[in-house]
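# Coordinate inspection notes
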Amino acid sequence: MNSDQLKQQVAQAALAHIEAYNFKVDLGVGTGSTVNLLIDLLPQVRHRIGAIVSSSEASTKRLEALEFKVQELNQTGDLTLYIDGADECDAHNRLTKGGGGALTREKIIAAASKKFICIIDHSKQVDILGKFPLPIEVLPMARSYVARQMVKLGGQPIYREGFVTDNGNQIIDIHNLKILDPIELENKINQIPGVVTNGLFAQRKADLVLIANQQGEVTEQ
């Protein structure tokens, strides 16, 4: 199976977890190519969805095109379930996210959700996080300062040129990090003035990861 087919399989598997609730869930929806496939399937479980919150303008537009009324997290309060993809996932369900630039809203919604399900294909599994560049959302005036601090931490910062987040900020991607203690690094980066947040989801890791393997079978971790 190719990558798109694997993403389709794991998106389909996520529907069963929505259907398993015996009440309408307040659902958080993430961002990215795998999540886009899930969004396209959500009309099948419309009867199980109460409020729905999105982590990006792109996902919101896709949901609205399917006639879902997307609400703000300030309106809904805490959510029942959040489903999103990842750029990397280790054996402890700690993640690297933010390749699409929506990491801050994704992190907020994950924190506000009782359960966080991550949907990936096997290519996103790693032993140690850091092969995928770690995104950091920064206030524009702090970009160079934060980059210098990341050099001190052993990373190689690259400014994501021409990209502005939905929050009006910028992103630097940190290459060549070997992240042995994701929680410690997540906290350390977030203490740097000017950082909005970083793409390590270690403090609030996924509760369940659905993984499509090469044969298209979906396993749980």
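All values derive from a computational prediction rather than experimental measurement.

### Quick look at the overall build of the protein chain
Regarding its fold elements, the protein chain presents seven helices and 14 strands. Rg of the C-alpha trace for the protein chain: 17 Å, near the compact-globule value of 17 Å for 221 residues, within the 12% margin. Overall size of the protein chain, expressed as C-alpha extent along the three principal axes, is 50 × 40 × 30 Å. Per-residue burial over the protein chain gives 52% buried out of 221 residues. Considering only contacts in the protein chain between residues 6 or more positions apart, those separated by 24 or more positions represent 74%. Total accessible area on the protein chain stands at roughly 10,300 Å², and carbon and sulfur atoms take up 48% of it. Each charge class in the protein chain can be summarised by its mean position, and for the 23 positive and 26 negative side chains these summaries are 3 Å apart.

### Comments concerning the state of the cysteines
Counted according to the given criterion, the structure contains zero disulfides. You can see Cys89 has no disulfide; the closest cysteine sulfur is in Cys118, sitting 5.6 Å from it. Since its relative accessible area comes to 2%, Cys89 is described here as buried.

The rules behind these values
- Residues numbered from 1 in each chain as written.
- Predicted model: local features only at pLDDT ≥ 70, side-chain atom pairs only at ≥ 80, totals over all residues.
- Heavy atoms only, no water.
- Helix = DSSP H or I, 4+ residues; strand = E, 2+ residues; numbered from the N terminus.
- Rg over C-alpha atoms; globule rule 2.2 N^0.38 Å.
- Buried < 20%, exposed > 50% of the residue type's maximum accessible area, 1.4 Å probe, protein only.
- Contact = heavy atoms within 4.5 Å.
- Areas by Shrake-Rupley, 256 points an atom, 1.4 Å probe, with all protein chains shown as cover.
- Lys, Arg positive; Asp, Glu negative; His and termini not counted.
- Charge placed at Lys NZ, Arg CZ, Asp CG, Glu CD.
- Disulfide = S-S within 2.5 Å.

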